[in-house]
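# Close look at the chain arrangement
Next come the chains, spelled out residue by residue.
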Amino acid sequence: MSVDLETVLRFYRDGLGLTLLFEFKDHNGFDGVVLGRRDAPYHLEFTKKRSHQAGPARSHDNLLVFYLPDPAAWLTAVQRMREAGFAPVSPFNPYWEWAGVTFEDPDGYRVVSHNANCGV
């Protein structure tokens, strides 16, 4: 299972609200996108080798967790995911149901929006 990068963009850019910082096509047979926030010291890079099928996530406990301490920002983030067409999934670890909402990306990896100040 390997999805196209447009589907990945829809999840991480449109759903999570990250910014597309850079993209490349056919760099030694790879296409890719880099997402993040311009003012943040991190980014996520997704690549795909042309004519290669990558496998799905090996575990539902492969997580990327965004801790959003402001309740309003957390609610906005969860609503943006839902409006982008992504439904929450049940987490493998029930801890993430406490003050968090888990979503699954197109490759089967899990992303948690967590807010310890806000009940779900």
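Below, the structure is looked at part by part. Since the structure is predicted, the reported quantities are computational estimates derived from the model, not experimental observations.

Residues Phe11, Tyr12, Leu16, Leu35, Phe46 and Phe103 are the most contacted members of the largest nonpolar core, which totals 20 residues. Those elements giving two or more residues to this core turn out to be α1 (5-15), β2 (30-36), β3 (43-49), α2 (71-83) and β5 (100-104). Per-element tally for this core: the top contributor is α1, with five residues. Excluding residues within four positions of it along the chain, Leu35 makes contact with Leu9, Tyr12, Arg13, Leu18, Thr19, Leu20, Leu21, His43, Leu44 and Phe46.

Bringing the packing of aromatic side chains into the picture now. Counted by the stated rule, this structure contains seven aromatic pairs. Measuring from ring centre to ring centre gives 4.9 Å for Tyr95 and Trp96, while their planes differ by 80°; the resulting arrangement is edge-to-face. Between Tyr95 and Trp98 the ring centres are 6.1 Å apart and the planes differ by 40°, which places this aromatic pair in the tilted class. In this structure Tyr95 comes out as partly exposed when scored by relative accessible area, which is 41%. Of the aromatic side chains, those joined through ring pairs into one cluster are Phe11, Tyr12, Phe46 and Phe86.

What counts, and at which threshold
- Throughout, residues of each chain are indexed from 1 in the direction in which the sequence is written.
- With pLDDT at 70 or above as the cut-off, local features in this predicted model cover only qualifying residues; side-chain atom pairs require 80 or more to be listed or tallied, and sums for whole chains, interfaces and linings still use all residues.
- Only hydrogens and water are set aside; all other atoms, that is, all heavy atoms of the structure, feed into the side-chain values.
- We call a set of buried Ala, Val, Leu, Ile, Met, Phe, Trp, Tyr and Cys residues a nonpolar core when their side-chain atoms join them within 4.5 Å.
- Between buried and exposed lies partly exposed: a residue is buried under 20% and exposed over 50% of the maximum accessible area for its type, with that area taken using a 1.4 Å probe on protein chains only.
- Labels follow the DSSP assignment, with helices taken as runs of H or I lasting at least four residues and strands as runs of E lasting at least two, numbered in each case from the N terminus.
- Only heavy atoms matter for contacts: two residues are in contact if any of them lie within 4.5 Å across the pair.
- Any pair of Phe, Tyr and Trp rings, taking the six-membered ring for Trp, is counted once the centres come within 6.5 Å. Such a pair is stacked with planes under 30 degrees apart, edge-to-face with planes over 60 apart, and tilted for the rest.

The values are spatial; any link to function lies outside them.
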